[in-house]
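# Observations on the three-dimensional arrangement
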Amino acid sequence: MTKSLNLTLNADVLVIGGGPAGAWAARSAAERGAKVVLVDKGYLGSSGATAPGGTNLLYLPPDQELREQAVQHRLKIGGGLAEAGWIHRVLDQVYINLELVEKWEYPFVRDENGVPQRDHLQGPEYMRLMRKMVKRAGVKVLDQAPALELLLDGYGVGGARGVLRQENRDWEVRANAVIIATGGCAFLSKGLGCNVLTRDGYLMGGEAGAELSGMEFSRRYAPSPAFGSNTRSRLLGWATYYDQHGNELGGRRGEDFLAEQMLKGPVYAIMNKADTPEKQAILRSSHAIFFLPYDRAGIDVFKEPFPLTLRYEGTVRGTGGLRIVTDDCGTTVPGLYAAGDAATRERVTGAASGGGAFNASWAICSGTWAGEGAAAYAASGRFNASIRNLRPAGRYGLSPGEGASSDEVRKSGATPTRELVKRIQDQVFPLKINYFRSERGLTQALAKLNELWPEVNHQIVSNVHDRLHAREAASMAATARWMYTAALARKERRGEGLHVLQEYPDADPEQQHRLLVSGLEEIRVGTDRSFLAPASFNSKSVHSQEAAVK
Ligand SMILES: Cc1cc2nc3c(=O)[nH]c(=O)nc-3n(C[C@H](O)[C@H](O)[C@H](O)COP(=O)(O)OP(=O)(O)OC[C@H]3O[C@@H](n4cnc5c(N)ncnc54)[C@H](O)[C@@H]3O)c2cc1C
């Protein structure tokens, strides 16, 4: 098929990713007068980790004592890597934004006194509303339009390029500021809403020279039916577990319980602790989505055993991502901002998972701040992207050869992307490598990932979809290498154990630092202790980022 003409657009701010972080970022920038384009790999409103489920939020009334308690608790479980000032900022900002959501007529559940329960949002309704508000703010939205690479020059980032999947053509958006909000990376583990999350934004940022932080905190799996994708697993508290012979699996259900049992063999569950019709009805009405895959498969979960698996969630409910160096979520690259799961959440979650309230709240707040910062940066008018001599920054997984037949490319010795992805997953999914981490196991896995790394530039690419998948494979390979490099550098257990090596089971006070990784051929590791100094927010990014321009 002949490729149609490319779509080219100019904007002040380009937002890459249309989950909650991207939606809030786009709206926030547009409200400040910026001309904004938002591109999503799928569809703004139904794509990403939040859209298909429900999400709990960190919503606390402005009661100083209550908030201080929440902050102190998080500082403790976060292993001393979170910052009180940033947690308070999130508590303040999310409160404001959720009031706005109510004003937009989101149907919050109300208690018996009519008080709206703002600590929970239903994904589909929330994201449908966000799409409406983003469009109302005048943002141009391109759906099914994944970004593949950034545009760059000596002044920093100036836009991006990607593909329009349904039209078989490319897009290019020149913009003075770019916000990466592409979510985390679950390595195509088939978790609900997570299969678009291949950490494309990390690779784009990494190629532009951005640093990543907290990548070692990625030891996160979630139970799901072995035949389905639903990782909303809170209701499993009502289950009894069995082995394949029907023997009950006893013992204390500590954090490693399911993983340890699954190493021994298949695990089945029956939700027989909900032993009355009343309890079962309450569970069904409170978490309807949990029951869908079982109902479809004709399984009565309260009576019949169903097989479980642990799906890898990587950095979606881990904490690592692009390093944030300014209070408006600027990265270390001028003109480049990060929000939501694409950014490190360490400043508010520390070494503990942000799933369960912090991540969704961070997506709202970091999106809002990144939108403000990007709009201000773009408005400074010093870096007009439409007339700059920008070059595409992508270097990996953008194999030439589009148009060649698969056979031709295969004969040239190229690797099928599916095969490459399987080899990456083989190093990332196994519990015995990535859950029960050891120095030896991770060193071997990293060596295999380094070995396959050159192949990301020799994939079979014959159409626009292949181009996207080849790039996703490169992003996952890069992410896995950053993750394991950081994991091998943290020789201790910090916080809740979102990373721990068997050889170093205890916390080491000397390692109360953040680990930074950067680079793609050679990965560099550094440490950051600046957050241990008395809290002071960086000045707005226009100044700090200007200083960073070489
Ligand atoms: C099962 C589950 C339950 C959770 N429950 C909670 C909870 O109760 N509370 C909580 O705080 N957190 C929870 N989380 C985490 C929360 O869902 C995420 O933190 C949140 O969705 C992050 O928002 P985001 O916008 O950064 O990313 P996402 O919502 O994942 O959106 C990312 C978007 O980027 C797009 N994208 C990806 N690559 C590209 C590309 N190359 N070009 C263009 N677009 C791209 C995707 O299509 C997607 O729309 C949960 C996560 C899971 C998986």
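Above this text sits the structure in question.
Residues numbered from 1 in each chain as written. Predicted model: local features only at pLDDT ≥ 70, side-chain atom pairs only at ≥ 80, totals over all residues. Heavy atoms only, no water.

Within the structure, the ligand sits among 39 residues, and Asp40, Ser47, Thr50, Asp200 and Ala360 are positioned closest to it. Between an oxygen atom of the ligand and a side-chain N or O atom of Thr50, the distance comes to 2.6 Å. Relative to its unbound accessible surface of 1000 Å², the ligand loses 98% to contact with the protein. Taken together, the elements giving at least two residues each to the shell around the ligand come down to α1 (20-31), β3 (54-56) and α10 (358-379). For the shell around the ligand, the element with the highest residue contribution is α10, accounting for four residues. (Near = heavy atom within 4 Å. Polar contact = N/O pair within 3.5 Å; in protein donor to acceptor, adjacent residues only side chain to side chain. Areas by Shrake-Rupley, 256 points an atom, 1.4 Å probe, with all protein chains shown as cover. Helix = DSSP H or I, 4+ residues; strand = E, 2+ residues; numbered from the N terminus.)

This part is about the nonpolar core. In this structure, Val13, Leu14, Leu150, Trp171, Tyr241, Met271 and Ile424 are the most contacted members of the largest nonpolar core, which totals 155 residues. When neighbours within four sequence positions are excluded, Leu14 is seen to be in contact with Val37, Val39, Gly159, Ala160, Trp171, Val173, Ala175, Ala177, Val178 and Ile179. Grouped together as the second largest cluster of nonpolar side chains are five residues, Phe217, Ala351, Leu498 and Phe531 included. (Core = buried A, V, L, I, M, F, W, Y, C linked by side-chain atoms within 4.5 Å. Buried < 20%, exposed > 50% of the residue type's maximum accessible area, 1.4 Å probe, protein only. Contact = heavy atoms within 4.5 Å.)

Right, let's talk about the pairing of strand β6 (residues 147-153) for a bit. Each regular strand displays side chains that alternate between the two surfaces of the sheet. A large share of β6 lies buried, amounting to seven of its seven residues. Both β6 and strand β7 (residues 156-164) contribute to a ladder of six bridges, which runs antiparallel. When the bridges of β7 are listed, Asp153 appears paired with Gly156. Here β6 folds back onto β7, and the loop between the two strands holds two residues. Sheet topology note: the β6/strand β16 (residues 391-392) ladder contains two bridges and is antiparallel. Note that in β16 the partner of Leu152 across the bridge is Arg391. (Pairing = 2+ DSSP bridges.)

Below, the discussion takes up helix α4 (residues 123-136). Quick reminder: α-helices carry 3.6 residues per turn. Residues three or four places apart thus point the same way. Between its terminal C-alpha atoms α4 stretches 20 Å, which fits the 20 Å expected from 14 residues at 1.5 Å a residue. Regarding α4, the residues found buried are Gly123, Tyr126, Met127, Leu129, Met130, Arg131, Met133 and Val134. Where α4 is buried, its residues touch α1, β3, α3 (84-103), β4 (120-122), β5 (140-142) and α10. Gly138, located one to two residues past α4, shows a positive phi value of around 90°. (Expected span 1.5 Å × (residues − 1).)

A separate point is the environment of Gln117. The topology assignment puts Gln117 in the loop between α3 and β4. With 54 residues separating them along the chain, Gln117 and Trp171 place their C-alpha atoms 41 Å apart. Those residues in contact with Gln117, other than ones at most four positions away along the chain, are Phe108, Val109, Arg110 and Asp111. Looking at Gln117, its side chain comes within polar contact range of the main-chain oxygen of Val115, at 3.0 Å.

Turning our attention to the sheet that holds strand β14 (residues 321-322). The four strands lie next to each other as β14-β9-β17-β18, forming an open sheet whose pairing is antiparallel. Sheet topology places β14 and β18 (524-528) at the edges, where each strand pairs with a single neighbour. The pairing of strand β17 (residues 514-518) with β18 spans five bridges and is antiparallel. Looking at the pairing, Ser518 lines up with Arg524 of β18. Against the sheet, helix α15 (residues 464-489) makes contact with β9 (212-213), β17 and β18, and its axis sits at roughly 140° relative to β17, the strand it touches most. (Axes fitted to C-alpha atoms, helices over the stretch in contact; angles between N-to-C directions.)

In this section: the packing of α1 against α4. Viewed as axis vectors pointing N to C, α1 and α4 meet at an angle of 25°, and their least axial separation amounts to 9 Å. Considering their axes alone, α1 and α4 lie roughly parallel with respect to each other. The crossing of α1 and α4 is left-handed. Judged by residue contacts, Pro20, Ala23, Trp24, Ala26 and Arg27 of α1 engage Tyr126, Met127, Met130, Met133 and Val134 from α4. Its residues assigned to classes, the contact of α1 with α4 shows nine nonpolar, no polar and one charged. (Parallel < 35°, antiparallel > 145°, perpendicular 65-115°, else oblique. Left-handed = near helix turned anticlockwise from the far one by under 90°. Nonpolar A, V, L, I, M, F, W, Y, C, P; charged D, E, K, R; others polar.)

Let us now look at the sheet that holds strand β13 (residues 306-312). Spatially, β10-β13-β12-β11 is the arrangement adopted by the four strands of the open sheet, whose pairing is antiparallel. A single partner strand is all that each edge strand has here, and the edge strands are β10 (221-225) and β11 (240-242). When strand polarity is set aside, the average angle formed by the axes of neighbouring strands in this sheet is 40°. Sheet topology places β10 next to β13; five bridges connect them, and they run antiparallel. Bridging from a neighbouring strand, Ser224 pairs with Thr309 of β13. Contacts between helix α6 (residues 257-264) and the sheet are confined to β10, β11, β12 (267-270) and β13, with β13 contributing the most and set at about 110° to the helix.

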